[in-house]
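# Fold and contact review
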Amino acid sequence: MFDELINKLKNDTYITLETTPGHSPIFSPIIETIAQLGLDRLVDGFTTTDNPLAKLKYNSLFAAKMLQERFNKPVIATMSMRDRNKIALQSDLLGANEVDVRAILALTGDPATISDQPHTKGVFEADSTLLLEIISCFNSGIDYAGKPLLHKSKEIYPFAVVNSYAKNPKTLQKKMQKKIKHGALGIITQPVYDIQSAKLLLELKDAANEACCNENKSAELILGVFPITKLRTAQFLSAHVPGINVPASWIEALRDAHEKGSEEEYRVGFELSKNLFLELKALHPKIHLMTANQFQLARDILL
């Protein structure tokens, strides 16, 4: 299952769909919606998020297990450094390993100060590269302290993230290099909104891999796509989310459409997003689709 996913990432077309577990002890409604829409037949795998924006959600590892069992497709489970120390990170990985949750997206995580839970404190023993180091240790048969595991773990496949925009592109390249050196096989970008940005990211990825070639390590870039169908979403991403660049032309087009009503606003946003998806797929068919659980929208984009 995972070997096929990595092979597609390196040699073929590759697409994953993000799922966000809810503020609920039940994840099955999300699974049923995916099944009803046939989304499992349109993607190579899924991801599960880990309490994004520090808001309490269903556990990403359990959600990954349920998705894999239902659809027999690999799931990349996100693990945030915000909520776990070295003991908890390793313990979760050990438990996940036996039930075949073995693709892990290492994330530093949003600050605990914005959590919906009172007086929450972030752990943050290190950034996401610590988790990549732990995974490397497990794949070598030892824990982070260097002690041999009683039974060697099945191989774990590490993924990482990177911003899609920076005023100084070399900053992005250095971040890519750091994650490649720590073993990331795939690097998922924040949402990309124009083809030139995608081309630049691919150039930076190539340069990062070149810089890491002496260590015999490399990673593939996975372009993040987040469809925008509302003006307020475009404005929010542009103004408040670091590392994302929404073109002014998108905001202007959505503003004009917004004045004509919600249906026109959605139509224009969908058309912009669908065309971008097709352009990115033609340029570099390694894509991670994020729709904030708007699964009908995901299906419309993918078809």
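In short, a report on the structure. Because the structure is predicted, anything quoted here is derived from the model rather than measured.

Another aspect to go through is helix H7 (residues 195-211). Spacing of three or four residues puts side chains on the same side of an α-helix, whose turn is 3.6 residues. Relative to the 24 Å expected for 17 residues at 1.5 Å per residue, H7 spans 25 Å between its end C-alpha atoms, a close match to the ideal helical length. For H7, the complete set of buried residues consists of Ser197, Ala198, Leu201, Leu202, Leu204, Lys205, Ala208 and Asn209. Relative to the axis of H7, the buried residues are bounded by an arc of 165° and lie together on one face. Of the residues in H7, the exposed ones pointing more than 90 degrees away from the buried face are Glu203 and Glu210. In this structure, the buried side of H7 is in contact with helix H6 (169-181), strand S6 (186-191), strand S7 (220-225) and helix H10 (262-283). Here H7 starts with a cap whose side-chain oxygen sits 3.1 Å from the backbone nitrogen of glutamine 196, and that cap is aspartate 194.

Membership of the largest hydrophobic core comes to 74 residues, with the highest contact counts inside it found for Ile104, Leu131, Tyr193 and Val246. Among the elements that take part in this core, helix H5 (residues 128-139) stands out by supplying 6 residues, more than any other. One finds Leu9, Ala103, Tyr157 and Ile188 within the second-largest nonpolar core, a separate group that totals 12 residues.

This paragraph deals with the packing of aromatic side chains. The final tally for this structure, using the stated rule, is 5 aromatic pairs. Ring geometry for phenylalanine 2 and tyrosine 157: centres 5.7 Å apart, planes at 20°, overall stacked. Highlighted residues: phenylalanine 2 in helix H1 (residues 2-11) and tyrosine 157 in strand S5 (residues 157-162), separated in sequence by 155 residues. Residue phenylalanine 2 is classed as buried on the basis of its relative accessible area, which comes to 2%. Both rings, one in phenylalanine 46 and one in phenylalanine 71, keep their centres 5.6 Å apart while their planes meet at 35°; by these two values the pair is tilted. Taken as a pair, phenylalanine 46 in strand S2 (residues 45-48) and phenylalanine 71 in helix H3 (residues 60-71) lie far apart in primary sequence, 25 residues in all. Overall, the relative accessible area of 0% leaves phenylalanine 46 in the buried class.

This part takes up the environment of leucine 201. Relative to the helices and strands, leucine 201 is located in helix H7. Taking relative accessible area as the criterion, leucine 201 reaches 1% and is therefore assigned buried. Linking leucine 201 and proline 169, residues 32 residues apart in sequence, is a C-alpha distance of 8.4 Å.

As a further point, take the sheet that holds strand S4 (residues 103-107). Sheet strands pair by backbone hydrogen bonding; their relative direction is either parallel or antiparallel. Taken together, the 8 strands give a closed barrel; going around it, the order is S1-S2-S3-S4-S5-S6-S7-S8, and neighbouring strands pair in parallel fashion. Going from strand to strand, the sheet's axes swing by 30° on average, the running direction of each strand aside. Across 4 bridges, the pairing between strand S1 (residues 14-19) and strand S8 (residues 286-289) is parallel. Bridge pairing in S8 places isoleucine 15 opposite isoleucine 287. Running over the sheet, helix H11 (residues 295-302) touches S1 and S8 and is turned about 165° from S1.

Let's shift gears to the environment of isoleucine 34. Secondary-structure assignment places isoleucine 34 in helix H2 (residues 28-37). In contact with isoleucine 34, other than residues within four places in its own chain, are Thr19, Leu39, Asp40, Phe46, Leu67, Phe71 and Phe295.

This paragraph deals with the pairing of S4. Where burial is concerned, most of S4 is hidden: 4 out of the 5 residues are buried. When strand S3 (residues 75-80) meets S4, the two strands line up parallel, connected through 5 bridges. Of the residues in S4, the one forming a bridge with serine 80 is leucine 107. On the question of chirality, the crossover connecting S3 to the parallel S4 by way of helix H4 (residues 86-98) is right-handed. Note on the crossover from S4 through H5 to S5: the handedness is right-handed.

Turning our eyes to something else, we now look at the pattern of salt bridges. Following the criterion strictly, the structure yields 16 salt bridges and no others. The salt bridge partner of arginine 84 is aspartate 50, with a shortest N-O separation of 2.9 Å. Within this pair, whereas arginine 84 is found in the loop between S3 and H4, its partner aspartate 50 is found in the loop between S2 and H3, the two being separated by 34 residues in sequence. A relative accessible area of 7% places arginine 84 in the buried class. Relative accessible area serves as the criterion here: at 6%, aspartate 50 is assigned to the buried category. The network of salt bridges with common partners includes Lys8, Asp12 and Asp44.

Their axes nearest at 7 Å, the elements helix H9 (residues 248-258) and H10 cross at an angle of 155°. By the criterion of interaxial angle, the relationship of H9 to H10 is roughly antiparallel. Of the two elements, H9 crosses H10, and the hand of that crossing is right-handed. On the side of H9, the interface is formed by Trp250, Ala253, Leu254, Ala257 and His258, while H10 contributes Glu264, Glu265, Val268, Gly269, Leu272, Ser273 and Leu276. Its residues assigned to classes, the contact of H9 with H10 comprises 7 nonpolar, 3 polar and 2 charged.

Conventions used here
- Residues numbered from 1 in each chain as written.
- Predicted model: local features only at pLDDT ≥ 70, side-chain atom pairs only at ≥ 80, totals over all residues.
- Heavy atoms only, no water.
- Helix = DSSP H or I, 4+ residues; strand = E, 2+ residues; numbered from the N terminus.
- Expected span 1.5 Å × (residues − 1).
- Buried < 20%, exposed > 50% of the residue type's maximum accessible area, 1.4 Å probe, protein only.
- Arc of directions from axis to C-beta.
- Contact = heavy atoms within 4.5 Å.
- Polar contact = N/O pair within 3.5 Å; in protein donor to acceptor, adjacent residues only side chain to side chain.
- Core = buried A, V, L, I, M, F, W, Y, C linked by side-chain atoms within 4.5 Å.
- Phe/Tyr/Trp six-rings, centres within 6.5 Å; stacked < 30°, edge-to-face > 60°.
- Pairing = 2+ DSSP bridges.
- Axes fitted to C-alpha atoms, helices over the stretch in contact; angles between N-to-C directions.
- Right-handed = clockwise from strand over helix to strand, strands pointing away.
- Salt bridge = Lys/Arg side-chain N within 4 Å of Asp/Glu carboxyl O.
- Parallel < 35°, antiparallel > 145°, perpendicular 65-115°, else oblique.
- Left-handed = near helix turned anticlockwise from the far one by under 90°.
- Nonpolar A, V, L, I, M, F, W, Y, C, P; charged D, E, K, R; others polar.

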